[in-house]
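Overview (structure and organization)
Chain residues, written in single-letter form:
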Amino acid sequence: MTDPATGPATPDTPDTPEAAKATAAAAAPAGVRAAGWALAALGAATVAVVALTTPWRALPSAAPAVAPDPARDFTAGQIARSEAFDAALTAPAYLSLGLTLLVAGVLVATPLGARLLGRLRGPWWVRALLGVAGLSAAVEALRWPLGMWSETQLRAYGLSTQTWPSWTADRLKDIGVRTALLAVMVLAVVALARRFRRWWIPAAIGAFTLTVAASFAYPVVIEPLFNDFTPMAAGPLRDDLLAMAARDGVPVEDVLVADASRRTTALNAYVSGFGATRRIVVYDTLLRAPAREVELVVAHELGHAKAGDVLYGTLVGGLGAAFGACLLYLVLAAGPVRRRAGVASAADPRAVGLIMGLMSLATVLSGPAQNLVSRQIEARADAHALELTRDPETFVAMQRRLSVTNISDLSPDFLEYVLYGSHPTAPQRIAMARSWALLNGVPEP
């Protein structure tokens, strides 16, 4: 087979150290330079899309500033409960993060992964798949007690309604989905590295395509594995929600209700997919709230749909995935990283551990930037809900209900906010509603 960008491709060589070294040597300086230019271009494109599509200000600059103040909207008991719940979940969360970093560091900085995978036998693709499955199983086994610890705390605070068998089934399904996607990505990298000298080109294209396909398929393939969805029952609430969507100019065929109560008491709603798979989903637990509060939550989700947040998020995710493929090529082309990990090239199935470690580190390191953008997008959706309903009083009541019921962290410390804060805090959202009210001459709630 011929690589149009580089001429004759590297043959499907036997898995010997000499063949792997020859494959590594094929990453000529010109190829590395090309990958570097592609990395710079994709990085610039990603930054440009994020900069141009992220709403860095949810309200006009003329809006009066209102400082977030948990004590103004929540009782001392509610604040204390929030702090206690946060403290109960902090230890398992940080231990899980530390475990992720530790395992990734071992796979990237030591030859342990290559030595373990070197014991596998069979065709290269079988060894690659077994490597992904084995390493994933080992990591999840280490992480399992931390998950049980968190689940125990959720039950102690009344947020979880699951039994251990149902919790186990959900966790195994989640692990299965993540491992399958990871196996596809890792197997593709090894296969392309064995076929093409400049394997970053098809890898970047494939990463972008997989991201878009996964976003499109997620609502109809993955979500039903965890919840059953039914159209919202006919009645005044359903009619009001569809009428509000029509008034907002957002095409919505239906609003779905998820049977979330079989695993949690938390309140939530979300929008996922785009095009033919776009859907607004409301937790059945949320339907216990007053109708006006439900409408405000859905108005927030309509804000996401109207702004095309899922579509733009998919675009950014696709560009980021393509960027990651180029970066992976450059890191693997660098001798020091490969030598420390004990592999000669990405074409060697023993490189599976190194690839997984690098992907894991990239996921952790990109998290804070994703959270920063997500918080701005969520704030814009809040502003949209206020513009659509013009009811800041109910908005504030809804935020109080969500926070108290979900035991939200009202004052996260800086590190938690950076690492895990995908939404503004409830006091920040309430403060914005008050700023909106003052800006629009509506009584401040």
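Definitions and limits used
Residues numbered from 1 in each chain as written. Predicted model: local features only at pLDDT ≥ 70, side-chain atom pairs only at ≥ 80, totals over all residues. Heavy atoms only, no water. Helix = DSSP H or I, 4+ residues; strand = E, 2+ residues; numbered from the N terminus. Rg over C-alpha atoms; globule rule 2.2 N^0.38 Å. Buried < 20%, exposed > 50% of the residue type's maximum accessible area, 1.4 Å probe, protein only. Contact = heavy atoms within 4.5 Å. Areas by Shrake-Rupley, 256 points an atom, 1.4 Å probe, with all protein chains shown as cover. Lys, Arg positive; Asp, Glu negative; His and termini not counted. Charge placed at Lys NZ, Arg CZ, Asp CG, Glu CD. Phe/Tyr/Trp six-rings, centres within 6.5 Å; stacked < 30°, edge-to-face > 60°. Core = buried A, V, L, I, M, F, W, Y, C linked by side-chain atoms within 4.5 Å. Expected span 1.5 Å × (residues − 1). Bend = angle between axes of the 7 residues up to and from the residue. pLDDT = per-residue confidence, 0-100.

On to the overall build of the chain. Of regular secondary structure, the chain possesses 16 helices and 6 strands. The C-alpha radius of gyration computed for the chain amounts to 24 Å, which stays within 12% of the reference 22 Å derived for 445 residues, consistent with globular compactness. For the chain, the spread of C-alpha atoms along the principal axes amounts to about 75 × 45 × 40 Å. Each of the 445 residues in the chain was classed as buried or not, and the buried ones make up 46%. Taking as baseline every contact in the chain between residues at least 6 positions apart, the subset at least 24 positions apart corresponds to 79%. Carbon together with sulfur atoms contributes 66% to the accessible area of the chain, which is approximately 20700 Å² in total. In the chain, 38 positive and 35 negative side-chain charges are present, and the distance between their average locations comes to 11 Å.

A complete count under the given rule lists 6 aromatic pairs for this structure. A ring pair is formed by Tyr94 and Tyr420, whose centres lie 6.1 Å apart and whose planes are at 50°; its orientation type is tilted. With Tyr94 in helix 4 (residues 76-109) and Tyr420 in helix 15 (residues 414-420), this residue pair connects regions lying 326 residues apart in the sequence. The class for Tyr94 is partly exposed, based on a relative accessible area of 26%. Judged by relative accessible area, which is 41%, Tyr420 ranks as partly exposed. Relative to Trp167, the ring of Trp164 has its centre 5.3 Å away and its plane inclined at 85°; by these criteria the two rings are edge-to-face. In this pair, Trp164 and Trp167 are both assigned in helix 7 (residues 164-195), 3 residues apart and thus about one turn of the helix distant. For Trp164, a relative accessible area of 32% gives the class partly exposed. Members of the aromatic cluster, joined through ring pairs, are Trp144, Trp164 and Trp167.

The phi angle at Arg390 is positive, at roughly 50°, despite the residue not being glycine. Counting through the fold element by element, Arg390 comes out in the loop between helix 13 (352-389) and helix 14 (392-406). Even without being glycine, Ile407 reaches a positive phi, approximately 50°. Along the chain, Ile407 turns up in the loop between helix 14 and helix 15.

The next thing to look at is the environment of Gln399. Relative to the assigned elements, Gln399 resides in helix 14. Distance from Gln399 to Asp73, taken between C-alpha atoms, is 9.8 Å for residues 326 residues apart in sequence. In this structure Gln399 touches Asp382, Arg429 and Ile430, once residues within four positions along its chain are discounted.

The next point concerns the nonpolar core. Of all hydrophobic cores here, the largest spans 44 residues; its most connected members are Trp199, Leu332, Val352, Leu354 and Ile355. With 8 residues, helix 11 (residues 309-333) is the largest single contributor of residues to this core. When neighbours within four sequence positions are excluded, Trp199 is seen to be in contact with Val189, Leu192, Ala193, Ala325, Leu328, Tyr329, Leu332 and Ala346. Within the second largest apolar cluster, 41 residues are counted, among which are Val271, Ala385, Phe395 and Met432.

Let us look at helix 4. Residues spaced three or four apart along an α-helix point in a common direction, a consequence of the helix completing one turn every 3.6 residues. When the terminal C-alpha atoms of helix 4 are compared, their 48 Å separation across 34 residues agrees well with the 50 Å that a helix rising 1.5 Å per residue should span. Where helix 4 bends most, the angle comes to about 35°, and this point is Thr90, followed within four residues by the proline Pro92.

The next subject is the confidence of the model for the chain. Scored by pLDDT, the chain has a mean of 91; 93% of the residues are at 70 or more. The model gives residues 17-27 a pLDDT under 50, and that stretch makes 18 contacts with residues more than four places away or in other chains.

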